[in-house]
Amino acid sequence: MTAQTTHTIETAVFDLDGTIYLGDGLLPGAQRLIETLRATGRRTVFCSNNPTKSTATYADKLTGLGIPTDEAEVFTSLAATVKWVTTVMPGAAVFPIGEQPLWEALSAAGVRISEDPEQIDLVISSYDRTFEYRKLQIAFDALWFHKRARLVATNPDRFCPFPGGRGEPDAACITAAITAGTGVECEAVFGKPERGLFDIISWATGLDPTTTVMVGDRLSTDIAFARNNGMISALVLTGETDRAMLEAAPAELQPDLVLESIDELIPLLDSGRQEIRTSS
Ligand SMILES: [Mg+2]
C-alpha cells in the first residue's frame, strides 16, 4: 500500500435517521453516494442509536429504499449494550425497560431477565414506547428500596426526530424519571458517542479510524462519536442540525466537513484527512 492510499477514505460510517433517510423517505443523494462508495471498493457501515429496531429491520428498510444492505453492515446501541452486560456483568439478572428488540438481543446472548426487584442486578433504561408506572416501580424497588441494582442506558438521546419537526421522547426521558425517583445516576450509556459502539464496529469490520469518515446529522452523538474515536467527521444538514445550531455549538463539536447534501462527499473521497481538515 502506498502512502497515497493510506490517506484516502476507505470506510464510511453512516447514521441513518436524518442522514440516509428521514422517516420513510430516502434523502437526496444518499443512494448515489452509497453506490459510488461501493463501486470504488469502499466499505459502508450503518449505525443507529435507536434500540427499538433490530439490525435485520434496518437492513430490510435500507434494501427496500434502494440501498441493498446486509444485516452485518448495521450496528445499533443494542449490540454495545449486550456486549457490556455479558462482559462486565456476566450472570447478572437484568431488568430491561425497553422494547422487544432489546429483550430479544439480551435473551439471544443468554442474559437472564427478571422483573423481581429482589433479584435484579442491573436495570437497563431504554427508548420504550410501552413505558408504564409498573416498570418504574420495579426499577425504583431494585435501585432504591433494595439498593442492589446498577443502572445503565442503551443510548443518550433525548428524542427521536420525525419528519416535519415532531419527535418521540427517547431513552434520556426514561433515565431521568428513574434517576429523579431514586437518586441513582446512570453509570454507563451505550451507542454514539461512546467508545463501546465504535469498538464493536471496529472489531467487526477492521476499519482504520484515520481513513474512516463518520457522517451524521446530530452534533452531540454523531460528530462527538467521530471525534471521540479518531474518525473524520462530516455533518449533513438534512436532519436535526441547521446552520444556526452549528454556529452556536462549542469548538469540540465542530465537524471537519459540513454537507448540505450527503453526496457532496463524493468529490472529497480521494482527499486525505489533512486536506479535508484544511479545506473546510
Ligand atoms: Mg440522525
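Rules and cut-offs
- Residues numbered from 1 in each chain as written.
- Predicted model: local features only at pLDDT ≥ 70, side-chain atom pairs only at ≥ 80, totals over all residues.
- Heavy atoms only, no water.
- Pairing = 2+ DSSP bridges.
- Helix = DSSP H or I, 4+ residues; strand = E, 2+ residues; numbered from the N terminus.
- UniProt positions renumbered as here; feature names shortened; annotations may be inferred.
- 1 Å grid on protein atoms, 1.4 Å probe; cavity = no way out; pocket = protein on both sides within 12 Å on 5 of 7 lines; lining within 4 Å.
- Buried < 20%, exposed > 50% of the residue type's maximum accessible area, 1.4 Å probe, protein only.
- Contact = heavy atoms within 4.5 Å.
- Polar contact = N/O pair within 3.5 Å; in protein donor to acceptor, adjacent residues only side chain to side chain.
- Phe/Tyr/Trp six-rings, centres within 6.5 Å; stacked < 30°, edge-to-face > 60°.
- Lys NZ or Arg CZ within 6 Å of the ring centre and 35° of its normal.
- Points joined across faces, edges and corners; volume = space filled by probe spheres on them.
- Nonpolar A, V, L, I, M, F, W, Y, C, P; charged D, E, K, R; others polar.
- Right-handed = clockwise from strand over helix to strand, strands pointing away.
- Axes fitted to C-alpha atoms, helices over the stretch in contact; angles between N-to-C directions.
- Parallel < 35°, antiparallel > 145°, perpendicular 65-115°, else oblique.
- Left-handed = near helix turned anticlockwise from the far one by under 90°.

Moving on to the sheet that holds strand β9 (residues 150-153). Here five strands make up an open sheet; going across it, the order is β7-β6-β8-β9-β12 and the pairing parallel. Of all strands in the sheet, those with a lone pairing partner are β7 (112-113) and β12 (188-189), marking the two edges. Summarising the sheet, β9 and β12 pair through two bridges and their orientation is parallel. Bridging across to β12, Ala153 finds its partner in Val189.

Before going further, it helps to examine the UniProt feature "binding site: Mg(2+)" (unreviewed entry) in the protein chain. Under the feature "binding site: Mg(2+)" (unreviewed entry), the UniProt entry names Asp15, Asp17 and Asp217. Look at the named residues: they lie 203 residues apart in sequence, but the longest C-alpha span between them is just 8.2 Å, so in the fold they bunch up. Lining the largest cavity, from the set of annotated residues above, are Asp15, Asp17 and Asp217. Relative to the helices and strands, Asp15 is located in strand β1 (residues 11-15). The exposure class assigned to Asp15 is buried, which follows from its relative accessible area of 7%. Not counting residues within four places of it along the chain, the set of residues in contact with Asp15 comprises Ile20, Cys47, Lys192, Met214, Val215, Gly216, Asp217 and Asp222. A distance of 2.8 Å separates a polar atom in the side chain of Asp15 from a polar atom in the side chain of Thr19. Its place among the elements puts Asp17 in the loop between β1 and β2 (21-22). Ignoring sequence-local partners within four residues, the contact set of Asp17 consists of Leu22, Gly23, Cys160 and Asp217.

Here we take up the packing of aromatic side chains. Following the criterion strictly, the structure yields four aromatic pairs and no others. Consider the rings of Phe140 and Trp144, whose centres lie 5.2 Å apart with planes at 25 degrees: the pair is stacked. Taken as a pair, Phe140 and Trp144 lie in helix α6 (residues 133-145) at a separation of four residues, close to a single helical turn. Residue class for Phe140 comes out partly exposed when judged on its relative accessible area of 27%. A ring pair is formed by Phe198 and Phe225, whose centres lie 6.4 Å apart and whose planes are at 75 degrees; its orientation type is edge-to-face. Of the two residues, Phe198 is situated in helix α8 (residues 195-205) and Phe225 in helix α9 (residues 219-228); the sequence distance between them amounts to 27 residues. Pair check on accessibility: Phe198 and Phe225 agree, each one buried. When the ring centre of Phe159 is taken as origin, the NZ or CZ atom of Arg218, which lies over that ring, is 4.9 Å away.

All right, on to the layout of surface pockets then. Approximately 270 Å³ is the volume attributed to the largest pocket. Around the largest pocket, the lining comprises 14 residues; the ones closest to its centre are Ala79, Ala80, Lys83, Gly196 and Ile200. For the lining of the largest pocket, the elements supplying multiple residues, two or more each, are α4 (77-88) and α8. By residue number, the principal contributor to the lining of the largest pocket is α4, which donates seven residues. By residue class, the composition of the lining of the largest pocket is ten nonpolar, two polar and two charged.

Attention shifts here to the UniProt feature "active site" (unreviewed entry) in the protein chain. Under the UniProt annotation, the feature "active site" (unreviewed entry) is placed at Asp15 and Asp17. When the annotated set is filtered for residues lining the largest cavity, what remains is Asp15 and Asp17.

In terms of burial, strand β6 (residues 93-97) is largely enclosed, as five of its five residues are buried. Side-chain alternation along β6 places Ala93, Phe95 and Ile97 on one buried face and Val94 and Pro96 on a second face that is also buried. Here β6 runs beside β7; their pairing, made up of two bridges, is parallel. Bridged to Ala93 within β7 is Arg112. Taken together, β6, helix α5 (residues 100-108) and β7 constitute a β-α-β crossover, and its handedness is right-handed.

Where α6 meets helix α7 (residues 171-182), the closest approach of the two axes is 10 Å, and the angle between their N-to-C directions is 45 degrees. Between α6 and α7, the angle is such that the two are oblique. Relative to α7, α6 is oriented so that their crossing is right-handed. Residue-level inspection shows Leu136, Ala139, Phe140, Leu143 and Trp144 of α6 in contact with α7, the latter providing Ala177, Ile178, Gly181 and Thr182. Of the residues assigned to the contact of α6 with α7, the class counts are seven nonpolar, two polar and no charged.

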